[in-house]
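# Structural description and commentary
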Amino acid sequence: QVRLVESGGGSVQAGGSLKLSCAASGVTFVTMGWFRQAPGKEREAIAGIYTTNHHPYYADSVEGRFTISHDNANNALYLQMGSLKPDDTAMYYCAADRLSQRFGPNMEWWKPAYWGQGTQVTVSS
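Described in the following lines is the structure provided in the data block. (Residues numbered from 1 in each chain as written. Predicted model: local features only at pLDDT ≥ 70, side-chain atom pairs only at ≥ 80, totals over all residues. Heavy atoms only, no water.)

### Description of the sheet that holds strand S8 (residues 76-81)
Taken together, four strands build an open sheet; the order of strands is S1-S3-S8-S7 and the sheet is antiparallel. Since the sheet does not close on itself, it has two edges, and those belong to strand S1 (3-7) and strand S7 (66-71), each with one partner. The mean angle between the axes of side-by-side strands here comes to 15 degrees, regardless of whether they run parallel or antiparallel. With six bridges joining them, S7 and S8 adopt antiparallel strand pairing. Along S8, the bridge assignment pairs Phe66 with Met81. (Pairing = 2+ DSSP bridges. Helix = DSSP H or I, 4+ residues; strand = E, 2+ residues; numbered from the N terminus. Axes fitted to C-alpha atoms, helices over the stretch in contact; angles between N-to-C directions.)

### Observations regarding the side chain of Glu6
Locating Glu6 in the fold gives a position in strand S1. There is no salt bridge for the buried Glu6, and the closest opposite charge comes from Arg3, which lies 9.6 Å off by N-O distance. Only 3.1 Å separates the side chain of Glu6 from the backbone nitrogen of Gln117, close enough to count as a polar contact. A distance of 2.9 Å separates the side chain of Glu6 from the backbone nitrogen of Gly118, its partner in a polar contact. Sequence-distant contacts of Glu6, defined by excluding residues within four places in its chain, comprise Ser21, Cys22, Trp34, Tyr92, Tyr93, Cys94, Gly116, Gln117, Gly118 and Thr119. (Buried < 20%, exposed > 50% of the residue type's maximum accessible area, 1.4 Å probe, protein only. Lys, Arg positive; Asp, Glu negative; His and termini not counted. Salt bridge = Lys/Arg side-chain N within 4 Å of Asp/Glu carboxyl O. Polar contact = N/O pair within 3.5 Å; in protein donor to acceptor, adjacent residues only side chain to side chain. Contact = heavy atoms within 4.5 Å.)

Rendered as structure tokens:
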């Protein structure tokens, strides 16, 4: 059974931090990362990582504020979010693919096949 389950969402004040987790099971993924979608806006890929070398990639919108990491032993993906802004308010989705793909300069090329159900993050001013 292939499964991606997010956790760690919640409400936080602007300037605060939050850590999201994604538990993966069923298969071995090569690329993993995070998308987010706010109401009325397009889904946005914000961070990705290769599970083989752990090299991280970020969209400009989160560069310098968010940190993506992967735990090979537990097959878990994380997103440490800091300096949160109200514009970060969105549903955050864990995503992954079994094939090696290029993320792109701003994460725009990544088209993963597997998705979690999402976890809500709300940042208040």
